[in-house]
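Chains, contacts and geometry: an overview
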Amino acid sequence: MTFEENFGISGLAMISVISGVFMAILDSSVVNVAIPKMMSVYATDQSTIEWVITVYILTEGMFTPVSGYLADRFGDKRVYVYALIVFVVGSCLCGAAWNASVLIAFRVIQALGGALLLPVSMSILFSLSKPEKRGMVMGLWGIAIMFAPAFGPTISGYIVQNLNFRLIFYLNVPVGVINIFMAKAYIPEMKAKGEGKFDFPGFVTCIIGFFCLLYALSDAPTSGWSSLKIISLFITAAISLSLFVVLELTTDKPMVELRLFKIPTFLASTIAVSVMTIAMMGAFFVIPLFLQNGLGYSPLQTGLLTMPGALVTAALMPVSGALFDKFGARSVVIIGFAFMLVGSLLLVNLNFCWTFTAIMLVYALRQAGMGLTMMPLTTAGMNAVPPSLVNPASALQSTFRNVAGSMGTALLGTVMQTHSNLSFAAYMQHINVQSLQKISAYGLHPSVYGITNQADLLQLMSVLKQMAFQNGIREAFIIAAIVTVIAFSAALFIGKKQQPVDTRQNETITVASAL
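Below is a summary of the structure that appears in this document. (Residues numbered from 1 in each chain as written. Predicted model: local features only at pLDDT ≥ 70, side-chain atom pairs only at ≥ 80, totals over all residues. Heavy atoms only, no water.)

**Brief notes about the overall build of the chain**
Note the following rule: Helix numbers and strand numbers start at the N terminus; a helix is a DSSP run of H or I with at least 4 residues, a strand a run of E with at least 2. For every residue, the accessible area (1.4 Å probe, protein chains only) is compared with the maximum for its type, and the residue is labelled buried under 20%, exposed over 50%, or partly exposed between those bounds. Residue contacts are counted whenever heavy atoms from the two residues lie within 4.5 Å of one another. Here, Shrake-Rupley sampling with a 1.4 Å probe gives the accessible areas, and only protein chains in the shown set may cover a residue.
When its secondary structure is counted, the chain shows 20 helices and zero strands. Within the chain, buried positions represent 55% of all 515 residues. Taking the intrachain contacts of the chain between residues at least 6 apart in sequence as the baseline, contacts between residues at least 24 apart amount to 83%. For the chain, the accessible surface area stands at approximately 21600 Å², while carbon and sulfur atoms represent 68% of it.

**Describing the packing of helix 4 (residues 51-63) against helix 11 (residues 200-223)**
Rules: The angle between two axes is taken between their N-to-C directions and runs from 0 to 180 degrees, where each axis is a line fitted to C-alpha atoms and a helix contributes only its stretch in contact. Left-handed is the label given to a crossing in which the near helix is rotated counterclockwise from the far helix by less than a right angle, and right-handed is the label when the rotation is clockwise. Residues are grouped as follows: Ala, Val, Leu, Ile, Met, Phe, Trp, Tyr, Cys and Pro are nonpolar; Asp, Glu, Lys and Arg are charged; all remaining types, including Gly, are polar.
The contact between helix 4 and helix 11 brings their axes to 8 Å, and the two run at 145 degrees. Once helix 4 is placed against helix 11, the crossing between them reads as right-handed. Across the interface between the two elements, Trp51, Thr54, Ile57, Leu58, Gly61, Met62 and Phe63 from helix 4 touch Phe203, Cys206, Ile207, Phe210, Phe211, Leu214, Tyr215 and Ser218 from helix 11. A class-by-class count of the residues in the contact of helix 4 with helix 11 yields twelve nonpolar, three polar and no charged.

**Observations concerning empty space enclosed by the protein**
Let me state the cut-off plainly: Lining residues are defined by having an atom within 4 Å of a point belonging to a cavity or pocket. Those points lie on a 1 Å grid over the protein atoms alone, cavities being sets where a 1.4 Å probe fits but cannot get out and pockets being open sets with protein on both sides within 12 Å along at least five of seven lines. Grid points are joined across faces, edges and corners, and a volume is the space filled by probe spheres set on the points.
Inspection of the entire model under this criterion finds one cavity of 30 Å³ or more. What the largest cavity holds in volume is close to 40 Å³. Along its surface, the largest cavity is lined by Ala24, Ile25, Glu60, Thr64, Gly114, Ala115, Leu118, Pro119 and Asn402. Elements represented by at least two residues in the lining of the largest cavity include exactly helix 2 (11-42) and helix 7 (100-128). Ranked by residues supplied to the lining of the largest cavity, first place goes to helix 7 with four residues. Residues that form the lining of the largest cavity fall into these classes: five nonpolar, three polar and one charged.

**Here we look at helix 12 (residues 228-250)**
What counts is decided by this rule: Here, expected helix span is obtained from the residue count minus one, scaled by 1.5 Å.
Under the 1.5 Å per step criterion, the end-to-end length of helix 12 is 33 Å for 23 residues, consistent within 8% with the ideal 33 Å. Within the sequence span of helix 12, burial applies to Ile230, Leu233, Ala237, Ser240, Leu241, Phe244 and Glu248.

**Structural notes on the pattern of salt bridges**
Heads up, the rule is: Just to be clear on terms, a salt bridge is a Lys or Arg side-chain nitrogen sitting within 4 Å of an Asp or Glu carboxyl oxygen.
This structure, assessed with the given rule, holds three salt bridges. Of the charged contacts, one joins Glu189 and Lys77 as a salt bridge, the two residues approaching to 3.1 Å between their closest N and O atoms. Here Glu189, found in the loop between helix 10 (172-186) and helix 11, pairs with Lys77, found in helix 6 (residues 76-96); they are 112 residues apart in sequence, far enough to count as distant. For Glu257, the salt bridge is made with Arg259, and the minimal N-O distance between the two is 2.7 Å. For Glu257, a relative accessible area of 4% corresponds to the buried category.

**With respect to the nonpolar core**
Where we set the bar: We define the nonpolar core as a collection of buried residues of types Ala, Val, Leu, Ile, Met, Phe, Trp, Tyr and Cys that are connected through side-chain atoms lying within 4.5 Å of one another.
Core analysis: the biggest nonpolar cluster contains 149 residues, and Val31, Met38, Tyr80, Trp141, Leu377 and Phe477 have the highest contact counts within it. When residues in this core are grouped by element, the largest group, 16 residues, is from helix 2.

**Some words on helix 10**
Compared with the 21 Å implied by 1.5 Å per residue over 15 residues, the 20 Å span of helix 10 between its first and last C-alpha is a close match. Listing the buried residues of helix 10 in full gives Asn172, Gly176, Asn179, Ile180, Met182 and Ala183.

**Concerning the packing of aromatic side chains**
Short version of the rule: Pairing of aromatic side chains requires ring centres within 6.5 Å, counting the rings of Phe and Tyr and the six-membered ring of Trp. Pairs whose planes differ by under 30 degrees are stacked, by over 60 edge-to-face, and all others tilted. Note on criteria: charge over ring means Lys NZ or Arg CZ within 6 Å of the ring centre, with the direction from the centre no more than 35 degrees off the ring normal.
Overall, the coordinates contain 14 aromatic pairs when judged by the stated rule. Where Tyr297 meets Phe356, the ring centres are 5.8 Å apart and the plane angle is 45 degrees; that geometry is what we call tilted. Here Tyr297, found in the loop between helix 13 (264-294) and helix 14 (299-327), pairs with Phe356, found in helix 16 (residues 356-383); they are 59 residues apart in sequence, far enough to count as distant. A relative accessible area of 32% places Phe356 in the partly exposed class. Among the aromatic side chains, those forming a connected cluster through ring pairs are Phe63, Tyr69, Phe198 and Phe203. The ring of Phe7 carries Lys133 above its face, with NZ or CZ at 5.9 Å from the centroid. Between the NZ or CZ atom of Arg134 and the centre of the ring of Phe126, over which it lies, the distance is 4.2 Å.

**Some details on the environment of Ser123**
Among the structural elements, Ser123 can be located in helix 7. Residue Ser123 is classed as buried on the basis of its relative accessible area, which comes to 1%. For the pair Ser123 and Met382, spaced 259 residues apart in sequence, the C-alpha to C-alpha distance is 9.4 Å. Once you skip the residues sitting within four places of it in the chain, Ser123 turns out to touch Asp76, Val390, Asn391 and Ser394.

**A look at the environment of Ala43**
Relative to the helices and strands, Ala43 resides in the loop between helix 2 and helix 3 (46-49). Residue class for Ala43 comes out exposed when judged on its relative accessible area of 69%. In the structure, Ala43 is positioned 57 residues away from Ala100 in sequence and 8.4 Å away in space, judged by C-alpha atoms.

**Remarks on a nonpolar patch on the surface**
Cut-off, in case you're wondering: Residues qualify for a patch when their relative accessible area is over 30% and they have no salt bridge, like charges being joined within 9 Å and the nonpolar side chains of Val, Leu, Ile, Met, Phe, Trp and Tyr within 5 Å.
On the surface, Phe198, Phe200, Val204 and Ile208 cluster together into a nonpolar patch covering about 330 Å² of accessible area. Looking at the secondary structure, you find Ile208 in helix 11.

**Section: the side chain of Glu60**
So the rule is basically this: When charges are counted, Lys and Arg are positive and Asp and Glu negative, with His and the chain ends excluded.
Within the secondary structure layout, Glu60 lies in helix 4. Of the buried charged residues, Glu60 lacks a salt bridge, with Arg107 as the closest side chain of opposite charge at 8.4 Å. Non-local contacts of Glu60, meaning those with residues more than four positions away in its chain, are made with Ala111, Gly114, Ala115 and Asn402.

**Some thoughts on the side chain of Asn402**
Checked against the element boundaries, Asn402 lands in helix 17 (residues 390-429). The exposure class assigned to Asn402 is buried, which follows from its relative accessible area of 17%. When sequence neighbours within four positions are dropped, the list of residues in contact with Asn402 reads Glu60, Gly61, Thr64 and Leu214.

**Some details on the environment of Phe324**
As for its position among the elements, Phe324 is in helix 14. Overall, the relative accessible area of 8% leaves Phe324 in the buried class. Sequence separation of Phe324 and Thr373 is 49 residues, and the distance between their C-alpha atoms is 9.9 Å.

Structure, rendered in structure tokens:
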């Protein structure tokens, strides 16, 4: 039996879809490691070059909601191929950028393609695969989503240290070109589902709302959550997105079908996946920060430490898909969340005494839970959606995942920084002549006046900062553990295994009749 006969989609079409998603997600993580190098090459400051990352997140978040409308209007295959073309062109231009401002502009083009690849690829696989094999297919697709963010820093660290940093963009070009031809040749034609009037008011309010929300989340740890700038952005986002919700619920042809949340399983799935993404992306931010700033590891060493966790996740993705097909989501998710919670609780005790191997094993344990949990949750929600609404459902889930990722980085980053500062301030309050006398009694320069040697005093300050930083990391992982419990609670509402609908045959269900 061939792959297509077994799963409903050809193996080459599957490779084309997975590699396209892998490229898009990989490129959102490889740039982080190259920031110092870009600052040097383009002779610019950190606040400017960080827009290379920020503008990609903003553009991707703003245009992902439009993907459902575009796929319904022009067909999934056509949108996927054009998204690949835009992404490849943007990657080529980014590699050729001659200054920071030009690179930032070209990253917008790249992100326009990347914003469409993830949700449309999910729709393609979901629509073409056999219902009884959908878990396995989505598990294979999930390898790209979970493996790319962890693999990115490793390959980027090697390229930046040993080759030209521009290769992190140029490598997308040959892979993307091959992918375009594979997609055109092996993904079957998928008919558009209707003309559909473009929801321009919804589009405008969506763009403004998500721009302000994502920008506020990305800049809040730097500018401060209580700053006028961040508060203004959040207020604008709240007004725009509230208006967006009203418009989408009252129009006949909404750009984003929010009424899908009337389906309990889809609602529970989206909440669980989004909350779990907060914990996942927050950890992706905090752990490298601890390894590099706390333990002094290089970017390449950091990537090598997190690589086993990524490999474990990739290996368990198809396993979790096969288990989902046989037993449903609930039993697989319970096991996965148990691994995640144990790993998160162990990381609460992360400190400077931990060895490379210990951190690697605990991180791999936590990632094993991710591998067992993410795709069963996603597939269970999509299985509950009528066939005619697969495209808007995919766009909706991807949008919430994008926002949750930014929220996770902002939340755990802020918790870590805030508690580090508070701990350091508390330590400094206890520094007086008496305490310094006690310290100096065991030091190299004992004195009745405490520490009088400047080098010793600087060393003391350094130790106190390290202790405060360690406390901040601990608080961040406490929040991550709490978030994991919340995601597990939402997942319990998914219920028992349901019989999936064959999207390849049933294309006539309308929004009104479905909801």
